[in-house]
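Fold and geometry: a report
The primary structure of each chain is shown beneath.
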Amino acid sequence: MPADSPNPPAPLVACHECDLLQHDVPIAPGETARCVRCGAELARNPPDSLDRTLAYTLTAAILYVLANAFPLIGLELQGRYAEVTLFAAVRNLWHIGMQPVSALVFVTAQLFPLLEMLMILLVLVPLRLGRRSPRLVAFFRLVLSVRPWGMMEVFLLGMLVSLVKLAHSGSVILGTAFWATAALILILTLAGRAFDRRVLWRMSHPEGA
Amino acid sequence: MKPALTARQAGLLSCHVCGQLAQAPLDANQRSRCPRCAAPLHQRKPASINTTWALLVAAALLYLPANLLPIMVTSSPVNHQVDTIMSGVIFLWRDGQWPLALVVFFASVVVPLLKILALVYLTASVQMRSRHRVMQRARLYRVVEFVGRWSMLDIYVITLLVALVQFRGLATVDAGPAAVAFGAVIVLTMFAALTFDPRLIWDPLTDSETADHD
Ligand SMILES: [Zn+2]
Ligand SMILES: [Zn+2]
């Protein structure tokens, strides 16, 4: 295989799922570009990406504080009452000897979703203020590596299943944090849809290009 | 089939983070970094097939204790109930809560098993350089990537129940050893999906075209 082929013409992209080279055609606002061979999403052009992503992520950060500061579920059983926050539940698992499971829940439901939001803000706020730095782009790599491990939507379903299971034993009270988590997932979905990574790539200046 | 040129055929590396194309180094052993985002560049994910195999074998071994050992222990003055994942599902079903039973059954039993089997099929077919059902296999990989995370459901349910139901003398819920094995299965299969390189599914197509042209 010859390694000394000419420099790539600028408007080419390789599909990340099948490696096919194709032209990086401009996309109309709201449209999605897909690989002609395998159909993988290559790029999107959500309107007003930077401002909307920032607004959604800031909202999400506030909801995250509520979702973690207040109890998720309360349970009343024959006159006795118990309620639990996410962190208390994680700490409880740790103390009963389930440290690996406790760590897994902490990372997937609490730590990584927080890191993802903070890192997006850390990259987008300077960008919004007009600061451009390739180092921010390098930093954004971390966001992509924590993303697959954030599972708040699964956690929400877990809360719903727990509610149904508990409904037998006593009266169940939905806490503030339950609603905050539900709203948080909705807002994070909107933030994900509004975000266009190419905003970031555009602000960097590749050497030799 | 019309000739298609891939980045690899053109001697280019595409960054897995930002999609930037870069010239592959002349020396294949030389490590290069993305000129735009500084991520390490690889033609394909390094040691993809072997790593995926190793993770899948570990996940398959742990799938057994995850399903056979108790995952939850419920105690009250009148009974002491030890549940595996499956007996928990059956309990919900008998209780008339069959929609919930189905959700838990799919998330905890079907998804991890299908994910392991699908990745075994994908990795084996890639290793044998199969040129059949390429599009179907590409779609299968996308499904595997998407559904895997939902297996965490039972882990979250246990976390909440164990923390909440601690009424001494009335009712307590404890976690069993299967929770650790089950958590490990989820983490291992997620890593297996991440180390598998979907581009390997397509490589045999373009490789044979190159051979035809030479
Ligand atoms: Zn493709
Ligand atoms: Zn890059």
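No experiment lies behind these values; they were computed from the predicted model shown. (Residues numbered from 1 in each chain as written. Chains lettered and ligands numbered in written order. Predicted model: local features only at pLDDT ≥ 70, side-chain atom pairs only at ≥ 80, totals over all residues. Heavy atoms only, no water.)

Each side of the interface is counted separately: chain A has 67 residues, and chain B has 68 residues. Counting every contact that joins chain A to chain B gives three salt bridges. Between Asp19 of chain A and Arg44 of chain B there is a salt bridge, with the nearest N and O atoms lying 2.7 Å from each other. Our count for the chain A to chain B interface comes out at 15 residue pairs in polar contact (both at pLDDT 80 or more). Within the residue set of the side of chain A that touches chain B, elements represented by two or more residues are strand 1 (12–14), strand 5 (73–77), strand 6 (80–84), helix 2 (86–95), helix 3 (99–128), helix 4 (134–146) and helix 5 (152–166) of chain A. Looking at the side of chain A that touches chain B residue by residue, the class counts come to 45 nonpolar, twelve polar and ten charged. (Contact = heavy atoms within 4.5 Å. Salt bridge = Lys/Arg side-chain N within 4 Å of Asp/Glu carboxyl O. Polar contact = N/O pair within 3.5 Å; in protein donor to acceptor, adjacent residues only side chain to side chain. Helix = DSSP H or I, 4+ residues; strand = E, 2+ residues; numbered from the N terminus. Nonpolar A, V, L, I, M, F, W, Y, C, P; charged D, E, K, R; others polar.)

Let's shift gears to a nonpolar patch on the surface. All names here are of chain B. On the surface, Trp93, Trp98, Leu102 and Phe106 cluster together into a nonpolar patch covering about 450 Å² of accessible area. No other element matches helix 3 (residues 98–127), which puts three residues into the nonpolar patch. Looking at the element boundaries, Trp98 is found in helix 3. Among the residues examined, Trp98 registers a relative accessible area of 48% and is labelled partly exposed. (Patch = residues over 30% accessible without salt bridge, like charges linked within 9 Å, V, L, I, M, F, W, Y side chains within 5 Å. Areas by Shrake-Rupley, 256 points an atom, 1.4 Å probe, with all protein chains shown as cover. Buried < 20%, exposed > 50% of the residue type's maximum accessible area, 1.4 Å probe, protein only.)

Tetrahedral coordination by four donors puts the ideal angle at the metal at 109.5 degrees, and octahedral coordination by six puts it at 90 or 180 degrees. All names here are of chain A. Coordination of the zinc ion (ligand 1) by the protein is provided by Cys15 (SG), Cys18 (SG), Cys35 (SG) and Cys38 (SG), with metal-donor distances spanning 2.2 to 2.4 Å. Mapped onto the polypeptide sequence, the residues donating to the zinc ion (ligand 1) form the spacing pattern C-x2-C-x16-C-x2-C. Take Cys15: its relative accessible area is 0%, and that puts it in the buried class. (Donors = N, O, S within 2.8 Å, 3.2 Å for Na, K, Ca; no water.)

Moving on, we come to the sheet that holds strand 5 of chain A. Strand order in the open sheet formed by three strands is 6-5-7 (chain A), and the pairing between neighbours is antiparallel. Each edge of the open sheet is held by one strand with a lone partner, namely strand 6 and strand 7 (171–174) of chain A. Each strand axis lies, on average, 20° off the axis of its neighbour in the sheet, ignoring direction. Examined bridge by bridge, strand 5 of chain A and strand 6 of chain A share five bridges and lie antiparallel to one another. Across the sheet, the residue bridging to Glu76 of chain A is Tyr81 of chain A, located in strand 6 of chain A. The strands that helix 5 (residues 153–164) of chain B touches are strand 5 and strand 6 of chain A; relative to strand 6 of chain A, the one it contacts most, it runs at about 140°. (Pairing = 2+ DSSP bridges. Axes fitted to C-alpha atoms, helices over the stretch in contact; angles between N-to-C directions.)

Moving on, we come to the confidence of the model for chain B. When pLDDT is averaged along chain B, the result is 89; 94% of the residues meet or exceed 70. Interface confidence in the predicted complex, given as ipTM, is 0.90; pTM for the same model is 0.90. (pLDDT = per-residue confidence, 0-100.)

Moving on, we come to the coordination of the zinc ion (ligand 2). All names here are of chain B. The protein atoms donating to the zinc ion (ligand 2) are Cys15 (SG), Cys18 (SG), Cys34 (SG) and Cys37 (SG), with metal-donor distances spanning 2.2 to 2.3 Å. Because the angles between the four donor atoms bound to the zinc ion (ligand 2) fall within 103 to 114°, the donor set is best described as tetrahedral. Written as a sequence motif, the donor residues of the zinc ion (ligand 2) are C-x2-C-x15-C-x2-C. Taken together, the residues Cys15 in the loop between strand 1 (12–14) and strand 2 (21–23) and Cys37 in the loop between strand 3 (32–33) and strand 4 (40–41) connect sequence positions 22 residues apart. Looking at Cys15, the relative accessible area reads 3%, which means it is buried. The exposure class of Cys37 is buried, given its relative accessible area of 0%. (Tetrahedral: all angles 85-135°; square planar, octahedral: opposite > 155°, others 65-115°.)

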